[in-house]
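Coordinates in review
Now for the letters of each chain:
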Amino acid sequence: MLTDTLRRAATAAGACLLLAAGAAHAADDYPSRALKMIVPFAAGSAADTLSRAVANQLATQLRQAVVVENKAGAGGTIGTVDIARAPADGYTIGLAAQGTMITNQALYDKPGYDSLKDFTPIAVLADVANVLVVAPGSPYGSVAELAQAIKAQPANKFSFSSSGVGTSHHIAGVVLGQYLDRPLMHVAYTGAPQGLVAVMSKEVDLGLYNIPAAIGLIRGGKLKPLAVTSLQRSPLLPDVPSLNESGMKGFEVTLWFGIIAPAGVPQDRVARLHKALDAVMRDPGLRAKLTEQGYDVAPTPLAPSKDFSALIGRDLEKWLPVLKSMKGGAQ
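So, a few notes on the structure that sits alongside this text. (Residues numbered from 1 in each chain as written. Predicted model: local features only at pLDDT ≥ 70, side-chain atom pairs only at ≥ 80, totals over all residues. Heavy atoms only, no water.)

Turning our attention to the side chain of Thr 92. In this structure, Thr 92 sits in strand β3 (residues 92-97). With a relative accessible area of 9%, Thr 92 lands in the buried category. Contacts of Thr 92, omitting those with residues within four sequence positions, involve Lys 36, Ile 38, Ala 86, Ala 261 and Pro 262. (Helix = DSSP H or I, 4+ residues; strand = E, 2+ residues; numbered from the N terminus. Buried < 20%, exposed > 50% of the residue type's maximum accessible area, 1.4 Å probe, protein only. Contact = heavy atoms within 4.5 Å.)

Shown next, in the form of structure tokens:
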């Protein structure tokens, strides 16, 4: 009897050891299958271009496919909600932008997520500025000429496009109207490519789009750039002044992009993703490619995840009062 009892105990202990070893092996094997990267913006947007470039390299680092899934709409809230609601297992990550994490918290009464509570920030990848563009056949060849025409007309006479409420394109247009003391009519499209087409076809008078989304059209002569929204000129558009130097002192609308995951992802998996992203962003070829496309790439080694969390907190504190004060005119 005692022998049987010992045998059963030994068998149970062995099973427990096997289960523990299996669990440890499973943890060590992360990732053991493909990952999904949700991009809450349209294909062809600056966010999408960055995401696909990073996803390709990230797949190499993780030795698993990284499938990009675009879920555009409502200023990025639709896709961002899906990131928040995904299982916290490290197999769903997403592209976060300053607009989705900061601006939408002010412009939407119920965006569907809490930027501080519902996500695991992993790493900031890049910053971008916007560029003020008009159609090639537009009569305005400078900010001064455009500003004079806008001021000569009633409010909302001039229109601008964006890829949705809360995007940097939208906010930049609202801020431009504030500087000129003439609110501009906001026309939202489903994505940056559609909004840019509206500028080219003169459905709207102007747009303020992320440089990576507009640079190809500018180089192809399909858009005319008048100014950039960073304080300094862009190296990619050295002949294009900033709005700051065009008489709108202090005008600055830029945004950051980063990678996030749902809240609660185990720290070892967060560390694995951060390490892989750091390796991706160290690649000289990728850095050169992104810089050429208009991104201000984050320095490496990438800042730790906790710094990304702190950045979100600081930006919420800084921008929420400002954005809420202009909410009525921004819709």
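Residue Pro 31 is bonded to the preceding Tyr 30 through a cis peptide linkage, with omega at -5 degrees. On the secondary structure map, Pro 31 appears in the loop between α1 (2-28) and β1 (35-39). Of note, the phi angle at Ala 74 is positive, near 55 degrees, even though the residue is not glycine. Relative to the helices and strands, Ala 74 resides in the loop between β2 (66-70) and α3 (77-85). Positive phi, normally seen in glycine, also occurs at Asn 156, with a value near 70 degrees. For Asn 156, the position within the fold is in the loop between α5 (143-151) and β5 (159-162). For Asn 156, a relative accessible area of 36% gives the class partly exposed.

To continue, consider the environment of Gln 64. As for its position among the elements, Gln 64 is in the loop between α2 (46-62) and β2. Residue classification places Gln 64 among the partly exposed positions, given a relative accessible area of 23%. The spacing of Gln 64 and Pro 31 is 33 residues in sequence and 7.1 Å in space, taken between C-alpha atoms. Ignoring any residue separated from it by four or fewer positions in sequence, one finds Gln 64 in contact with Pro 31, Ser 32, Arg 33, Ala 34, Leu 35 and Ala 59.

Counted under the stated rule, the structure contains 5 aromatic pairs. Between the aromatic rings of Trp 256 and Phe 308, the centroid separation amounts to 5.5 Å while the plane-to-plane angle is 90 degrees, which identifies the pairing as edge-to-face. Of this pair, Trp 256 sits in strand β9 (residues 254-262) while Phe 308 sits in helix α11 (residues 305-325); the two residues are 52 residues apart in sequence, bridging distant segments of the chain. You can call Phe 308 buried: its relative accessible area is 2%. The ring centre of Tyr 91 lies 3.7 Å from the NZ or CZ of Arg 33, which sits over that ring. (Phe/Tyr/Trp six-rings, centres within 6.5 Å; stacked < 30°, edge-to-face > 60°. Lys NZ or Arg CZ within 6 Å of the ring centre and 35° of its normal.)

Time to look at empty space enclosed by the protein. One pass over the full model with this rule turns up 2 cavities of 30 Å³ or more. What the largest cavity holds in volume is close to 140 Å³. Phe 41, Ser 163, Thr 167, His 169 and Asn 210 are the residues nearest the centre of the largest cavity, which is lined by 18 residues in total. Elements represented by at least two residues in the lining of the largest cavity include exactly α2, α4 (98-107), α6 (168-180) and β9. Among the residues making up the lining of the largest cavity, the classes are represented as 8 nonpolar, 10 polar and no charged. If you add up the space inside the second largest cavity, you get close to 40 Å³. (1 Å grid on protein atoms, 1.4 Å probe; cavity = no way out; pocket = protein on both sides within 12 Å on 5 of 7 lines; lining within 4 Å. Points joined across faces, edges and corners; volume = space filled by probe spheres on them. Nonpolar A, V, L, I, M, F, W, Y, C, P; charged D, E, K, R; others polar.)

So, on to the environment of Met 101. Within the secondary structure, Met 101 is located in helix α4. According to the relative accessible area criterion, Met 101 is buried, its value standing at 0%. Separated by 214 residues in sequence, Met 101 and Asp 315 place their C-alpha atoms 9.1 Å apart. Leaving out residues up to four positions away in the same chain, Met 101 has contacts with Ala 96, Ser 115, Phe 119, Trp 256, Ile 260, Ile 312 and Leu 316.

What follows covers the layout of surface pockets. Roughly 1000 Å³ of internal volume is contained in the largest pocket. In this structure, the largest pocket is lined by 48 residues; those nearest its centre are Asp 127, Val 128, Thr 254, Leu 255 and Trp 256. Contributions of two or more residues to the lining of the largest pocket are made by α4, β4 (119-134), α6, β9 and α11. In terms of residue count, the dominant contributor to the lining of the largest pocket is α11 (8 residues). Among the residues forming the lining of the largest pocket, the class breakdown is 28 nonpolar, 13 polar and 7 charged.

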